[in-house]
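Understanding the architecture of this molecule
Now for the letters of each chain:
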Amino acid sequence: MAVSRSRIEKNLQRIRKNIQAACDKAQRLPGEVSLVAVTKSVDLQTIKNLLDVGLRDLGESRIQQLTARADELDGYLRRCRATDKPSPDEVRWHMVGHLQRNKVRQALEVACTIHSVDSLRLAEAINARAERAEKIADVLLQVNCSQESKKHGCAVGAAMHLAELICTLKHVRLTGLMTMAPLAKDPAESRTAFLRLRELFEEIRNEKVGGKNFRHLSMGMSQDYAVAVEEGATILRIGTALFE
């Protein structure tokens, strides 16, 4: 069943109020924080309602669902334009889940940013495909700051060197770091992972790795986004909190 526009608006107002409070606490501006709506659990009508409330950045964690959703939404937007129905000029899809090297082509055809690069081999595969497509691929380096064995991401100690290597690839643009905090009832338990990612981000930036393009911290989900904002997040990946 679709989540109504009014329900999404109400949830979005609450989320933005929480972001504002977290920014006030951290002495930040809310404009520094963007929101990616993760759509894996909802239908097309709900995605249309997301667009109607002004959200333009959408995320998926599985490549099959990303490509299917993007095709479905593109068809809807084409029909809108053919009938002069109001529709957004741009929708930006983000690949936020683990990406296998044999799925890179599909990801590059759809996603504006790949949040989950966690190895040089994957970065090289993206670079090769991007070169063939004559484009530059924006990526984030995923770091396993919680040190959980079941989570993807490079080790904290390997991140600096991996970032340096990624930045040597001509068709890949490293724009920041990403992490996933441990799932916990208390959002405060995520703070250690977020703090470590921010410290790592500052270390890499101080070494001038990535240059001016290196500016994003993708961290924080429905259960802990306020803590992530307090620790410097610039991109939040939120699903459940928008649709509950």
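Residues numbered from 1 in each chain as written. Predicted model: local features only at pLDDT ≥ 70, side-chain atom pairs only at ≥ 80, totals over all residues. Heavy atoms only, no water.

1. Looking at the overall build of the protein chain
Along the protein chain, the regular secondary structure elements total nine helices and eight strands. Its C-alpha atoms give the protein chain a radius of gyration of 18 Å, near enough to 18 Å, the size a compact globule of 244 residues would have. Summarising its shape, the C-alpha atoms of the protein chain cover approximately 50 × 45 × 30 Å along the three principal directions. Burial status across the protein chain gives 49% buried among its 244 residues. In the structure as shown, the protein chain presents an accessible area of about 12,400 Å², 46% of it carried by carbon and sulfur atoms. (Helix = DSSP H or I, 4+ residues; strand = E, 2+ residues; numbered from the N terminus. Rg over C-alpha atoms; globule rule 2.2 N^0.38 Å. Buried < 20%, exposed > 50% of the residue type's maximum accessible area, 1.4 Å probe, protein only. Areas by Shrake-Rupley, 256 points an atom, 1.4 Å probe, with all protein chains shown as cover.)

2. So, the environment of arginine 129
As for its placement among the helices and strands, arginine 129 is situated in helix H5 (residues 120–132). Note on arginine 129: relative accessible area 32%, which makes it partly exposed. For the pair arginine 129 and leucine 108, spaced 21 residues apart in sequence, the C-alpha to C-alpha distance is 7.9 Å. What arginine 129 contacts, discounting residues up to four positions off in sequence, is Val104, Arg105 and Leu108. (Contact = heavy atoms within 4.5 Å.)

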